[in-house]
Structures are given as structure tokens and as C-alpha cells.
Amino acid sequence: MHPTPTTRPRALFAMGRRHRDAMFPPAEIQRLTACVDIDPDHVAEDLTDEPALADVEILITSWGCPVLDEEVLARAPALKAIVHAAGSVKHHVTQACWDRGVLVSSAPAANAVPVAEYTVAAILFANKRVLEIGGLYREHRAPLDWSRRFPGFGNYRRTVGVVGASLVGRKVIELLRPYDLDVLLADPYVSTLRAAAMGVRLVEPDELVEASDVVSLHAPELPETRHLMDARRLGLMRDGATLINTARGSLVDTDALTAEAATGRIHAVIDVTEPEVLPAASPLYTLPNVLLTPHIAGSLGGELHRITSSALDEIERYCAGEPFAHAVHHAALATSA
Ligand SMILES: NC(=O)c1ccc[n+]([C@@H]2O[C@H](COP(=O)([O-])OP(=O)(O)OC[C@H]3O[C@@H](n4cnc5c(N)ncnc54)[C@H](O)[C@@H]3O)[C@@H](O)[C@H]2O)c1
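Every value quoted in this text rests on a predicted model; they were computed, and no experiment measured them. (Residues numbered from 1 in each chain as written. Predicted model: local features only at pLDDT ≥ 70, side-chain atom pairs only at ≥ 80, totals over all residues. Heavy atoms only, no water.)

**Comments concerning a nonpolar patch on the surface**
Note the following rule: Nonpolar side chains (Val, Leu, Ile, Met, Phe, Trp, Tyr) are joined into patches within 5 Å and like charges within 9 Å, using only residues with over 30% relative accessible area and no salt bridge. Calculation of accessible area relied on Shrake-Rupley with a 1.4 Å probe; when residues are assessed, cover is drawn exclusively from the protein chains displayed. Salt bridges are identified by distance alone: a Lys or Arg side-chain nitrogen within 4 Å of an Asp or Glu carboxyl oxygen. Strands are runs of DSSP state E lasting at least 2 residues, helices are runs of H or I lasting at least 4, and numbering of each runs from the N terminus.
A contiguous nonpolar patch, built from Phe125, Leu131 and Leu291 and spanning about 280 Å² of accessible area, is present on the exposed surface. Tracing the sequence through the fold places leucine 291 in strand S12 (residues 290–292).

In C-alpha cells, the structure reads:
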């Protein structure tokens, strides 16, 4: 049962307009207006002089939301909840929000699904040498002896190293379960027992890198994960191994990766870079053993509606007086994305 119209909380969209337009088509707006009092056409991209803040109880945020600092909060005395229709809240939810006790919910679990799908596709194609063979076929216009050229290639009994049992990392592990692949995990916050329950073997990062045919990064951007893949660790990768980075560009030393990939010794599938975007002259755009994508692993197109659905579920829970299913806890931010 939704609250009656008179008791419906006031809500406001605070995000980039294009995100509101992409994420909240008419059916979703209908679901939203059934439980909150909102002007669905009004999207606050700037909160500096936003009159709607005066009586807003729920801010529905997404990419492009302005920073919710003390000044904004001072003009939003009734604000009780922030429902973020995206992943990380670190960009806009400030200490002032936590100090005020504002409830925060987010949808990184929904956003983890397409990242994990992209990763699994990249792993399977990397082990099968699909990009390289496609390039050679384009060049030679005739089949070659692929097994001689790529001894041991394919997706049977290969080893995948997952760095970080994050929402994305755990989803990758889950999606890899049906395959004949061994999965290693490096994560300082996971016990050997918990790793075993996930069906993976917990190892130290160096061992993971040395033993894996594919190394896939899923740890958050934190001071301790900066350049997790530095020149030394990249040098530990097996000849012909593939590095996948869908996490954040800062996890990899870009110069070291560029140098190592330029030798042709390792392969890379890179969705996030530092800087993002890379300079136009970066060899990573053109090296045949590197696939560079423009931060597309996360939700795009129709995938955005999975996030919308998660956010609407949270708003309905709030309106029904229930706790959020995907509450963000301040203390967890020190080790999460
Ligand atoms: N490419 C994209 O479009 C896209 C989309 C979504 C998320 N991401 C990125 O994917 C990564 C995972 O996101 P998430 O929401 O699943 O993260 P998350 O918040 O669930 O990750 C938290 C977990 O990471 C693990 N972790 C923390 N520090 C670690 C370390 N030093 N080494 C290894 N593991 C560590 C811990 O298990 C921790 O619980 C992040 O870097 C995020 O920014 C990218």
C-alpha cells in the first residue's frame, strides 16, 4: 500500500537532465508519482538557487548531481533521504549529509551486472585470442594454423585472477562458475574460508598476477589501490596474459602499461584510464594487443533501467516505512567504491 496523496513525501530530481530523460521514461515516472509528490519535468542540475529544496524530503540523484554540501543542506531542512540512481555516492554525498543523519541508498549492485557481463565477455574472448585472430584473418584473408600460433589458447583449464571481491568482482566470479576456468582472488578483506565458499582460491596479489592467464581488476579507487598494477606487477604477468581494467584508471600505472603493452608481451582490455580520456597520441588507442573502450562497461542504454528499477524499489520501501535494501553506510565508504 502506498501512502495516501496527502502523506506523500516531496521529492526532487537532482542530476544531469540527460540522465533523468534516459532513466525515467513515462512508465517509471508513473510508478514514481504513485508514491511521491514530485514535478517530474523539473530536474535540478544546479542547487544554488533551487526553491524546491525548501520542502524536499527525498532527493533522487544520479550522475551530474551537484555536491550536497552544508550550504545545500541548510536550504533543505526537510531532507531525510537521498536515493542515488547510479553507483558510488562519494562524489556528491558529503560529510554534512552523514552528520545530519540523512538516509542514503544507492544502486551499485544493479550497475555491477553490466560491468561483470562485459568482463566475462572480455575474459572469454581474451583466452580464445579472438581479437588477435580476427586481426590476422583480416590481414591474411586465409585461415592459419591457430593452435600452432597460440599453443594452449582457449577457455579450458585457464586461470583467471580477480582482484577484489567487490559487487562487480563477486558477480564476475558467479558468472564464471559454469566455465572450465580456475579462479583466483586477491582481496585483503576476504578470508580464505569466504573465498572457498565463493569457489575461488584466495592468494596474494603477486601470486595472482604470476599465475593468471587473465588478470581482472575490480577493486575500488582508494589510496591503497593506486597503481596496484605498477611496472613491477605488470612485469610479473605471464607472457601472452591479458589485463582487464573495468575498475578505475588509477589502479594501473598508465605509462608502465603502455610500455609493457608496446613490447607485445601482454594484452589489455581497458575500459577506464588515467587520465580519462587519454591523450590522442597514446599508443593504447592503436596497439593491436590492446582494446580500449570509453568507460562503457557500466550501465548504458536499456541497462540504465535496471538502475531505475532498483531506485524505484528503494523509494517505495521508504514510502512504506521500510528500511532501504541498498543502504549506503558511511563507515563502509573507506573500503568501497
Ligand atoms: N567501468 C564502469 O563503467 C564501472 C561501473 C561500475 C563500477 N566500476 C568500478 O568497478 C570497481 C568495483 O565497483 P563495486 O561497486 O563493485 O565496488 P565495491 O564498493 O563493492 O568494492 C568494495 C570491495 O572491494 C574490495 N577491496 C577493497 N580494497 C581492496 C584492495 N586493496 N584490493 C582488493 N580488493 C579490495 C573489498 O572486498 C570491498 O568490500 C570500482 O573501481 C568501481 O569504480 C566501474
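**Digging into the UniProt feature "domain: D-isomer specific 2-hydroxyacid dehydrogenase NAD-binding" (unreviewed entry) in the chain**
The criterion, for reference: UniProt positions are given in the numbering used here, feature names are shortened, and annotations may be inferred rather than shown by experiment.
Taking the numbering used here, the UniProt-annotated feature "domain: D-isomer specific 2-hydroxyacid dehydrogenase NAD-binding" (unreviewed entry) corresponds to residues 121–297. Across residues 121–297, helical content stands at 34% and strand content at 16%; the span's end C-alpha atoms are separated by 11 Å.

**Some points on the side chain of threonine 242**
Counted only if it meets this: Two residues form a contact once any of their heavy atoms are found within 4.5 Å.
Inspection of the secondary structure assignment puts threonine 242 in strand S10 (residues 242–245). When near neighbours in sequence (up to four residues on either side) are disregarded, threonine 242 contacts Ala126, Arg129, Asp213, Val214, Val215, Met237, His267, Ala268 and Val269.

**Points about the environment of aspartate 41**
Mapped onto the elements of the fold, aspartate 41 is located in the loop between helix H2 (26–33) and strand S2 (43–44). Through-space distance from the C-alpha of aspartate 41 to that of aspartate 21 is 9.3 Å; in sequence the pair is 20 residues apart. Discounting residues that sit within four places of it in the chain, aspartate 41 has contacts with Arg17 and Arg20.

**Let's talk about the pairing of strand S1 (residues 11–14)**
Put simply, the rule is: Think of it in three bands: with a 1.4 Å probe and only protein chains considered, a residue is buried below 20% of the maximum accessible area for its type, exposed above 50%, and partly exposed in between. Pairing between two strands requires that DSSP report at least two bridges joining them.
Burial along S1 is two-sided: Ala11 and Phe13 and Leu12 and Ala14, pointing in opposite directions, are all buried. As paired strands, S1 and strand S3 (residues 58–61) are joined by four bridges and run parallel to one another. Each bridged residue has a counterpart across the sheet, and for phenylalanine 13 the counterpart in S3 is isoleucine 60. Bridge count between S1 and S2: two bridges; the pairing is parallel. Following the sheet pairing, alanine 14 is matched in S2 by alanine 44.

**A short note on the packing of aromatic side chains**
Aromatic rings considered in pairs are described by the distance between their centres and by the relative angle of their planes. Heads up, the rule is: Ring pairs are drawn from Phe, Tyr and Trp, using the six-membered ring of Trp, whenever the two centres fall within 6.5 Å, and their geometry is named by plane angle: stacked under 30 degrees, edge-to-face over 60, tilted for the rest. Criterion for a charge above a ring: Arg CZ or Lys NZ at most 6 Å from the ring centre, at most 35 degrees from the ring normal.
Going through the model one piece at a time under the given rule, you end up with three aromatic pairs. Here phenylalanine 150 and phenylalanine 153 contribute two aromatic rings whose centre-to-centre distance is 5.9 Å and whose plane-to-plane angle is 40°, an arrangement assigned as tilted. On the accessibility criterion, phenylalanine 150 (10% relative accessible area) is buried. Each ring, one from tyrosine 318 and one from phenylalanine 324, has its centre 6.2 Å from the other, and the planes form 25°; the classification is stacked. Here the guanidinium or amino end of lysine 128 rests over the ring plane of phenylalanine 153, the centre of that ring lying 5.9 Å away.

**Re the nonpolar core**
To keep things clear, this is the line we draw: Only buried Ala, Val, Leu, Ile, Met, Phe, Trp, Tyr and Cys residues count toward a nonpolar core, and they belong to the same one when joined by side-chain atoms within 4.5 Å.
If you look at the biggest cluster of nonpolar residues, it comprises 28 residues, and the most contacted ones within it are Leu208, Leu217, Met229, Leu234, Met237, Leu243 and Leu257. Looking at this core, the elements that each hand over two or more residues are strand S7 (181–186), helix H10 (205–211), strand S9 (214–217), helix H12 (254–262) and strand S11 (267–270). Counting residues per element, this core draws most heavily on H12, at three residues. Beyond its immediate sequence surroundings of up to four residues, leucine 257 is in contact with Leu234, Leu243, Val252, Ile266, Ala268, Ile270 and Leu284. One finds Ala116, Leu124, Val168 and Leu185 within the second-largest nonpolar core, a separate group that totals 27 residues.

**Details of the pattern of salt bridges**
In total, this model carries 18 salt bridges according to the counting rule given. Between aspartate 213 and arginine 158 there is a salt bridge whose closest N-O contact spans 3.3 Å. Placement of aspartate 213 in the loop between H10 and S9 and of arginine 158 in strand S6 (residues 158–163) is noted, with a sequence separation of 55 residues between them. The two residues aspartate 213 and arginine 158 agree in class, both being buried. A salt bridge links arginine 317 to glutamate 314; the nearest nitrogen and oxygen atoms lie 2.5 Å apart. Linking arginine 317 with glutamate 314, this pair stays in helix H13 (residues 304–319), spanning three residues, or about one helical turn. Among the residues examined, glutamate 314 registers a relative accessible area of 0% and is labelled buried. Salt bridges here are not isolated pairs; linked through shared partners, they connect Arg10, Asp37 and Asp55.

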